[in-house]
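# Structural overview
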Amino acid sequence: MDYKVGLLGRIVLLAVSLFFLSYTMIDDWGVFMTSLFIILVIFQVILLVRYSESSFKKVRTFLDNIKQDKYSQVYPVKFDGTETDDLHIEFNAILAKLKEDQAEKEANYQYFRSVFKHLSIGLLTYGENGDIQIFNVAAKRILNVDELKNISEIENINKELHLAIQNLRTGGSELIKIAHPDGIMQLSVYVIELVMRGEKFKLVSLQNIQSELEEKEMEAWQNLVKILTHEIMNSIAPISSLAGTLKGELEDRMENNQALSPSDMEDCMMGISTIEKRSEGLISFVSDFRSLAHIPAPKFSSIRISGLFEQLEILLHNQIDAGHIKVIKELEPEELILFGDQTQIEQVLINLTQNAIQALEDSDQKIIRLRAYIDEAGKIIIEVCDTGKGIEEEALSKIFIPFFTTKKKGSGIGLSLSKQIMRRHKGNIQVKSIQGEGTTFKLIFNG
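Everything in this summary refers to the structure shown in the same document.

What counts, and where the lines are drawn
- Residues numbered from 1 in each chain as written.
- Predicted model: local features only at pLDDT ≥ 70, side-chain atom pairs only at ≥ 80, totals over all residues.
- Heavy atoms only, no water.
- Patch = residues over 30% accessible without salt bridge, like charges linked within 9 Å, V, L, I, M, F, W, Y side chains within 5 Å.
- Areas by Shrake-Rupley, 256 points an atom, 1.4 Å probe, with all protein chains shown as cover.
- Salt bridge = Lys/Arg side-chain N within 4 Å of Asp/Glu carboxyl O.
- Helix = DSSP H or I, 4+ residues; strand = E, 2+ residues; numbered from the N terminus.
- Buried < 20%, exposed > 50% of the residue type's maximum accessible area, 1.4 Å probe, protein only.
- Expected span 1.5 Å × (residues − 1).
- Polar contact = N/O pair within 3.5 Å; in protein donor to acceptor, adjacent residues only side chain to side chain.
- Pairing = 2+ DSSP bridges.
- Axes fitted to C-alpha atoms, helices over the stretch in contact; angles between N-to-C directions.

Right, let's talk about a nonpolar patch on the surface for a bit. Together, L8, V12, V16, F19, F20, Y23 and W29 make up an exposed nonpolar region whose accessible area comes to about 660 Å². Here V16 shows up in helix α1 (residues 2–27). Classification of V16 as partly exposed rests on a relative accessible area of 36%.

Structure (structure tokens):
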């Protein structure tokens, strides 16, 4: 109320002064009186402008304080019921709320910063200019440095790691070996690209998985040794036994100077033939093992997936027709292009499709679906689905182990070979199976 009264009073005084000024000019009171009233009017106009701006200045100062995050100022309150008092009360309430919100945000920031800092996984973030914003204790320990100011400094630690961090995109990961005072570290590098307030930055996680890899490697070796021992013993035991029997028989004949009868000769020939077949089987097994252990480096080129599906259907045309199988091809989009080694990817699809054909032997509904699409993460996915009997749950965890097979006739290297090829393409292979409904193999290309 005081602001309105003050403003109205000043307007009235200005009006009275203007009235007297005009009266002095009309009645010719003289130059002195006219000048005096002119000065008085100018002075009152200045006071009126300053008075009217006083509240706006308070509002402007209040907004400047908010803009500069200065919430400590307190506006005086007299509790006299005036409008200025009410304005100051509102200002103080707003500043108190903003101060409380700022304190809460700061507490949350410090909390998450503390959690970020003490995570066992190495984490760091950096902006488009490469300046590192957050660099936690685990990352310092992994990289064996006390401080990093720019991401380019990682090149001095390990060039391969620096290159991986720079080139990886959201969801991309890579395994990098780095030297460390505690020994060689195998790092899993994972990158996420984020945008905050229009500024792009990267979140990089570094996890030392050396112990996990060593454990898995030992487990894989143990499984491989078991399989190799089993397969080799299965082949060598009958060879050794049969060779020993034939040797004993021949030695006995030679000691007694007895000639071999036609029937004995036939038995010997049969034994030697059996030894030959088992030896060939062992040679085939070793050959399969060699092919598994010596996969050539992929020769990358652009592959039109629709052409890949057509070629696959032509190659397996006889088997598909003989099994009365319906093949459904789905591409989204139709002109989808994959970057990889065409020969190797074709081999993977042949392995998976042949497995699907065999799975449909005793199925009433015989359908194989070849599907390719881009998922929500931007990865290219190729699926080979069948409506076969499915894979038993116990076997699902073992199907990628070399030489493990659920088929009566099979080397057990097809899926293991496919997994290795996918890994060389920086991708992965997954399987999902429901007994009685079918199996889906998914090839994931990170791009």
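Right, picking up where we left off after that structure.
Relative to the 26 Å expected for 18 residues at 1.5 Å per residue, helix α10 (residues 342–359) spans 25 Å between its end C-alpha atoms, a close match to the ideal helical length. The set of residues buried in α10 consists of Q344, I345, E346, V348, L349, I350, N351, L352, T353, A356, I357 and A359. The N-terminus of α10 is capped by D341, whose side-chain oxygen sits 3.1 Å from the backbone nitrogen of T343.

Let's shift gears to the sheet that holds strand β5 (residues 199–208). In spatial order, the strands read β2-β1-β5-β4-β3; together these five strands make up an open sheet with antiparallel pairing. Every interior strand has two partners, whereas the edge strands, β2 (132–135) and β3 (173–178), have only one. Recorded for the sheet is a direction-independent mean angle of 25° between the axes of neighbouring strands. Here strand β1 (residues 122–127) runs beside β5; their pairing, made up of six bridges, is antiparallel. Across the sheet, G122 pairs through a bridge with L206, a residue of β5.

P333 follows E332 through a cis peptide bond whose omega is 0°. Along the chain, P333 falls in the loop between β7 (326–332) and β8 (337–340). Positive phi is not limited to glycine here, since H324 has a value of about 55°. As for its placement among the helices and strands, H324 is situated in the loop between α9 (317–322) and β7. Unlike most non-glycine residues, K426 shows phi in positive territory, near 60°. You can see K426 is positioned in the loop between α12 (414–424) and β11 (427–434). Here K426 falls in the exposed class, since its relative accessible area comes to 52%.

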